[in-house]
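Topology and contacts: notes
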Amino acid sequence: MNFVSIRVITGDVARLVDFYERATGVRAVWATEDFAELTTAGATLAIAGDRTVALFAPGSARPADNHSVITEFLVDDVDRVHRDLTGFVTDFVNGPTTMPWGNRSLLLRDPDGNLVNFFTPVTPAAVEKFAR
């Protein structure tokens, strides 16, 4: 089994896609006006409109209502990402901080309030872990 993607349900697909394209530098591929994907080497971030929820199970997901998932992006230089996003991101939860597990992390919220973490491994153990 391979983990391939995470899907975020939103009430404004274009706004959220624009945010993630700008924040990550990855261009989205649009399938329909209600569905786009940003694909990286490790996984895909799918962004879908709330109208798509009914295709699975009506009412099973609600946009802008996540309180438990953090979407994470491995980056070369989290401090540079912080500088690049300053003035664009309106809700930084925590500036670049070195975590006990060896990653330097930048935590922010996307326009729907979902938590997003950009991180760079900085200790030898963390660097080794992500060198695969």
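Our structure is the block above this text.
First, a word on scope: everything that follows refers to the structure included in this document. (Residues numbered from 1 in each chain as written. Predicted model: local features only at pLDDT ≥ 70, side-chain atom pairs only at ≥ 80, totals over all residues. Heavy atoms only, no water.)

1. Topic: the sheet that holds strand 1 (residues 5-10)
Put simply, the test is: Only when DSSP finds a minimum of two bridges between them are two strands counted as paired. Every helix listed is a DSSP run of H or I at least four residues long, and every strand listed is a run of E at least two residues long, numbered separately from the N terminus. Axes here refer to lines fitted to C-alpha atoms; in helices the fit is confined to the stretch in contact. Angles between the N-to-C directions go from 0 to 180 degrees.
The strand order 1-4-3-2 describes an open sheet built from 4 strands, whose pairing is mixed. Unpaired on one side and paired on the other, strand 1 and strand 2 (29-32) mark the two borders of the sheet. In this sheet, adjacent strand axes meet at a mean angle of 20 degrees when their direction is disregarded. One ladder, built from 6 bridges, connects strand 1 with strand 4 (residues 44-49); its direction is parallel. By the bridge assignment for strand 4, Thr-10 is matched with Gly-49.

2. Quick notes on the pattern of salt bridges
The cut-off we apply is this: In what follows, salt bridge is the name for a side-chain nitrogen of Lys or Arg lying within 4 Å of a carboxyl oxygen of Asp or Glu. With a 1.4 Å probe rolled over the protein chains alone, any residue whose accessible area is under 20% of its type maximum counts as buried; one over 50% counts as exposed, and the rest are partly exposed.
Following the criterion strictly, the structure yields 8 salt bridges and no others. Put simply, Asp-112 and Arg-15 hold a salt bridge, and the shortest N to O gap is 2.2 Å. With Asp-112 in the loop between strand 7 (103-109) and strand 8 (115-121) and Arg-15 in helix 1 (residues 13-24), this pair connects stretches of sequence that are 97 residues apart. Look at Arg-15 and you get partly exposed, because its relative accessible area is 36%. A salt bridge links Glu-21 to Arg-27, with the shortest nitrogen-to-oxygen separation between them at 3.6 Å. Under the relative-accessibility criterion, Arg-27 is labelled exposed at 64%. A cluster of three or more residues bridged by salt bridges with shared partners is formed by Glu-33, Asp-34 and Arg-51.

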